[in-house]
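Analysis of the macromolecular model
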Amino acid sequence: MKASDPIACFPRLAFPLPRFCFAVPCLGWFLALGPTTRGAPIDSSLANFTSQLPVVVLDTQGTGPLNANDPARPVRFDLFAAAGEGAPRPGTFAAGPLFSSAAAARVRGSSSAVFPKKSYSIQLLDDRGRPDPRALLGLAVDDTWNLISPWNYDRTFLHNAYVYSLSRSLGRWAPHTKFVEVFTRGDAAPLTAPLTAAHDTGISLLTERITIDREHVNLTPLSGADLTGGYLLKIDSPEPGDFTFTTPHLVEWGPPSSLIVHRPNADDLSAAQRNYIRDYVNTMEGALYADAAANWTTHRHLLYLDRASWVDYHLLQVLAGNVEAFQRSFFFTKDRGGKLVAGPQGDFDRALGSADHRNRAWDQWNSPDATDLWHYGWWGLLTRDPDFMQAWIDRWQALRRSELSAEKLSSLADRLAAEIGSAAAARDAARWPDDAGHFADGTWAGEIAQMKSWVTQRAAWIDAKFVAPPQLETDGVLLCATAPAGARLIYTVDGSDPRGPNGQVALTARVATAPVVVDASALLCIRAWNPTALAFPGSAWSGPLTRAEARPITADANPAFQSRLANLSTFVHLSPGSGAPLTGLVVTGDTAKQILVRAVGPGLRQFGLTATLADPVLSILNGRGVEIARNTGWTLGPDALDLPRLSTSAGAFRLPAASADSALVLRLAPGSYTVVVSSASDSTGMALAEIYELDRVGSLANLSTCAMVYARAPLLAGGFVVRGSAPKKFLVRAVGPTLAAWGVTDVLADPVITIAAATGLIARNDDWGSAATADAPENSSGDSTAIAVAATACGAFALPAGSLDAALVVTLAPGAYTAQVTGKNGASGLVLLEVYGVP
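Position numbers for residues start from 1 in each chain and track the written sequence from start to end. Only residues with pLDDT of 70 or above have their local features reported here, since the model is predicted, and side-chain atom pairs are shown and tallied only from 80 upward, although totals for entire chains, interfaces and linings are computed over all residues. To get the side-chain values, all heavy atoms of the structure are used, and hydrogens and water are removed first.

As for the packing of helix α2 (residues 159-169) against helix α7 (residues 406-420)
In a pair of packed helices, the angle between the axes and the distance between the axes together describe the arrangement. At a closest axis distance of 10 Å, the pairing of α2 and α7 adopts a crossing angle of 130°. Considered as vectors, α2 and α7 are oriented oblique to each other. Judged by the twist between their axes, the crossing of α2 over α7 is right-handed. Contact residues: α2 offers Ala161, Tyr162, Ser165 and Leu166, while α7 offers Leu409, Leu412, Ala413, Arg415 and Leu416. Three residue categories are used. Nonpolar comprises Ala, Val, Leu, Ile, Met, Phe, Trp, Tyr, Cys and Pro, charged comprises Asp, Glu, Lys and Arg, and polar comprises the others, including Gly. Of the residues contributing to the contact of α2 with α7, the split by class is seven nonpolar, one polar and one charged. Where helices are involved, their axes are fitted lines through C-alpha atoms of the stretch in contact, as for all axes, and angles between N-to-C directions lie from 0 to 180°. Helix and strand assignments come from DSSP, with helices taken as H or I runs of at least 4 residues and strands as E runs of at least 2, each series counted from the N terminus. Our angle categories are set so that under 35 degrees counts as roughly parallel, over 145 as roughly antiparallel, 65 to 115 as roughly perpendicular, and the remainder as oblique. For any pair of crossing helices, the crossing counts as left-handed if the nearer helix is rotated counterclockwise from the farther one by less than a right angle, and right-handed if it is rotated clockwise. Contact definition: two residues touch when any of their heavy atoms are within 4.5 Å.

Structure below.
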């Protein structure tokens, strides 16, 4: 029997005597007085007292104060409803108690037991002295409750309620709580002496106890010959009669703390059950040390330990900076057939920037004289496992986007503080002036603000200790991931983790140094990776992101989503003596851009086209006219295996297997390039020249093609695609006459240009300086000033005033368009078709 447990006190009658009993002297008290059915009378000075908190009255009914180390003693427990500060209602005590009961109470805590402001463990009793389970203030049904009374270290009153709420938001049970204002009548005055304002001992936290049942720690009860569960264990200061044991390795756990089987009680444990749980914990510890010795090439300890729960438990202790973490009130469980699960969380009075000097700095893991959060006990091994450390980082970064965001960390503190209210806080400060005198800036509101600042700054400081995750955005069509400074992107598109065991790059992962852009439907899983970031605690890897976590973007805030030219395709005709048609492109930006270039002849026959070029040859020239790449036959090129996939992702039709069409995948540095289509056998025919962007790095600022317009083939058609999230302005020109000024012969003397989409004609221009007239009502954008300004902005050469070249400035929504150039009155000649995105 543990004399310090809250128990019932009643003689043995026809009903079973409760398992624990008061010390003998109090039995006479109970027999002499009986369980009183009313509390102390209320002094007239409290007639108008109101509190926005429920009020608890603990009355020892003339037997004197409850002291540390005293056995549990009879008290009267009365619970009054919150009256509402300032509300036009009767005072808190006017309507009588919501609930009134005999109870047994004792002072709880280790170091806190000697504080002047006491915390209590209370067992509710019926009128015959038996345990009387009740649901108080909407909390779970139980007969035993804790009143935690913040004093000195926790000047906000919030710490335990705050961390317990965070724990529940992570899906880990923690005691539910209600703030109450407590009146403690512990003097030796007669029973008829009234309750006065002097009995107000301030703010306490009514909490559910940590015990095994469906509404608390939900474990399968251990009964009979059961061995594997459920056990509720803790590391704490033992009490007389506790079943404690030691493990071979953890020398830190010595006086005053021990490893304790908290539930079931020692008297209810058989020898076989004691041996089982001790051997199970020792086996886990032995496997953990063996895995560490094997440099984490094995993980046998995971047969006995639930990693996810140990990550969550440790993470909250680190966030709170608990100076006594893992040494006291460290609970963990073993359910029937289950593993060791860390939690529920314990006490946090010396945490969250408390008045304990060891806890004041938010920008250090822990002070030298507090628990070493990354090295203490089993945690010192677990956190050295790269996979545990990565699980910690993954969980942390995911929670920082949700339950542990700065906004939620602050709003939780505000919500809890609002439950207390400033008036109750002021009464507590007046009752405990040594405490109140140390409020930040002299006010309780200042203390709340300091706590919020401490926890949000600490969370941001922890963020900076790890490789940041990529920035992942989507416009609903594409996903764009950008790496943090100094890191690369490692990703998969099948949903698998790009990080392999022990921090290796997975075999199926892809590595990118530039932003990654994929279709929004891809099963993207992506991490940032920086192999130089190896300081402990840490990892070379960020947490993962998937498409579900992409941040929506609807404007051109990210260059990857800026509306832009993404594709140009043009039909060219090779005929005797005409020379090779030329297609030009300009790459802008700060880094190389990946593109797909194709020359399609035989592949056009699948669409019913005849007279196609049988053997197109594709050449790429740099700005100095030097050939930098060539292909004859796409299946013979270096990218043959990837071309079908890349063509599909770019929106291009597939080339027939083994066709003589040509294609190249290139990564081009910023600059000007020319695509030349020719014939391997000097044949004639029609071909399709195509340029597609394969990433969103940089941009294709200019796409152009120079070819002949013939009377028998009366137009030059160029298709182009605009991608992005918003309309964009373009300059489109058909230059013929101005080419003659550069010595080009056989130019198209009077080109006409039209822009069309699937919905029909969008714009048309004959002469670039001519606006719509009665004779030419279809002319569009014939504003010569606007065209000249756009040309300057794009870096295009100027057109002479009055020339017969055609040009348009047009704003186009994302989509596919066709630019057609014809010769006026059926004329033939060489023409340059240009499409520029206007900055």
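Text resumes after the structure shown.
Focus on the nonpolar core
Here the nonpolar core consists of buried residues drawn from Ala, Val, Leu, Ile, Met, Phe, Trp, Tyr and Cys, with membership extended through side-chain atoms lying within 4.5 Å. Residue burial is assigned from relative accessible area. The probe radius is 1.4 Å, only protein chains are included, and a residue is buried under 20% of its type maximum, exposed over 50%, and partly exposed in between. Within the largest apolar cluster, 81 residues are counted, with the highest numbers of intra-cluster contacts made by Tyr162, Trp310 and Trp392. Excluding residues that lie within four positions of it along the chain, tryptophan 392 makes contacts with Val311, His314, Leu315, Val318, Trp374, Ile462 and Phe466. Grouped together as the second largest cluster of nonpolar side chains are 46 residues, Val587, Ile595, Val675 and Leu716 included.

Here's the deal with the pairing of strand β27 (residues 671-679)
A regular strand places its side chains on the two faces of the sheet in alternate fashion. Relative to β27, strand β22 (residues 582-588) runs antiparallel, the two being bridged by six bridges. Of the residues in β27, the one forming a bridge with threonine 583 is valine 675. By the convention used here, strands pair only if DSSP detects at least 2 bridges between them. As paired strands, strand β24 (residues 616-621) and β27 are joined by six bridges and run antiparallel to one another. The residue bridging leucine 621 from the neighbouring strand is threonine 674, located in β27.

Some words on the sheet that holds strand β29 (residues 699-709)
Spatial ordering of the open sheet is given by β25-β24-β27-β22-β29-β36-β31-β34, a layout of eight strands whose pairing is antiparallel. Looking at which strands have only one partner, the edges of the open sheet turn out to be β25 (627-631) and β34 (806-812). Direction aside, neighbouring strands of the sheet carry axes that sit 15° apart on average. Each of β31 (728-735), β34 and β36 (829-837) is contacted by helix α13 (residues 784-794), which is oriented at about 75° to β34, the strand it contacts most.

Observations concerning the sheet that holds strand β12 (residues 340-342)
In sheet architecture, strand pairing relies on hydrogen bonds along the backbone and comes in two forms, parallel and antiparallel. Taken together, five strands build an open sheet; the order of strands is β9-β10-β8-β11-β12 and the sheet is antiparallel. In this open sheet, the two strands that pair with only one neighbour each are β9 (243-245) and β12. Adjacent strand axes in the sheet meet at a mean angle of 30°, parallel and antiparallel pairs treated alike. In this structure, strand β8 (residues 231-236) lies alongside strand β10 (residues 258-263), joined through five bridges in antiparallel fashion. When the bridges of β10 are listed, leucine 232 appears paired with arginine 263. Across the sheet, helix α3 (residues 271-293) is in contact with β8, β9, β10, β11 (330-334) and β12; its angle to β9 comes to roughly 30°.

A closer look at the packing of helix α6 (residues 386-400) against helix α10 (residues 444-463)
Axis separation between α6 and α10 bottoms out at 11 Å; the angle between their running directions is 135°. Classified by the angle their axes make, α6 and α10 are oblique. The two elements α6 and α10 cross, and the hand of that crossing is left-handed. Contact residues: Trp392, Trp396 and Arg400 in α6; Ala459, Ala460, Ile462 and Asp463 in α10. When its residues are assigned to classes, the contact of α6 with α10 shows five nonpolar, no polar and two charged.

Quick word on α2
Because an α-helix completes one turn every 3.6 residues, residues spaced three or four positions apart along the sequence face the same direction. Along α2, nine of the 11 residues are buried, which leaves the element largely enclosed by surrounding structure. Every buried residue of α2 is listed here: His159, Asn160, Ala161, Tyr162, Val163, Tyr164, Ser165, Leu166 and Ser167. Lining the buried residues of α2 we find β5 (144-148), β6 (177-185), β7 (200-208), α4 (307-320), α7 and α10. Just beyond α2, the residue with positive phi is glycine 171, at close to 90°.

Describing helix α11 (residues 643-650)
Buried within α11 we find Leu643, Leu646, Ser647 and Ala650. Buried residues of α11 fall within an arc of 100° about the axis and therefore sit on the same side. Following α11 by one or two positions, glycine 651 has its phi on the positive side, about 90°. What the arc measures is the spread of directions leading from the helix axis to the C-beta atoms.

Brief notes about unusual backbone geometry
Residue glycine 230 is bonded to the preceding glycine 229 through a cis peptide linkage, with omega at 0°. Among the secondary structure elements, glycine 230 is positioned in the loop between β7 and β8. Cis peptide bonds are those with omega within 30 degrees of zero, and the linkage from phenylalanine 536 to proline 537 qualifies with -5°. In this structure, proline 537 sits in the loop between β18 (525-529) and β19 (545-546). A positive phi angle is found at leucine 137, which is not glycine, with a value near 55°. On the basis of relative accessible area, leucine 137 is assigned to the partly exposed category, the value being 22%.

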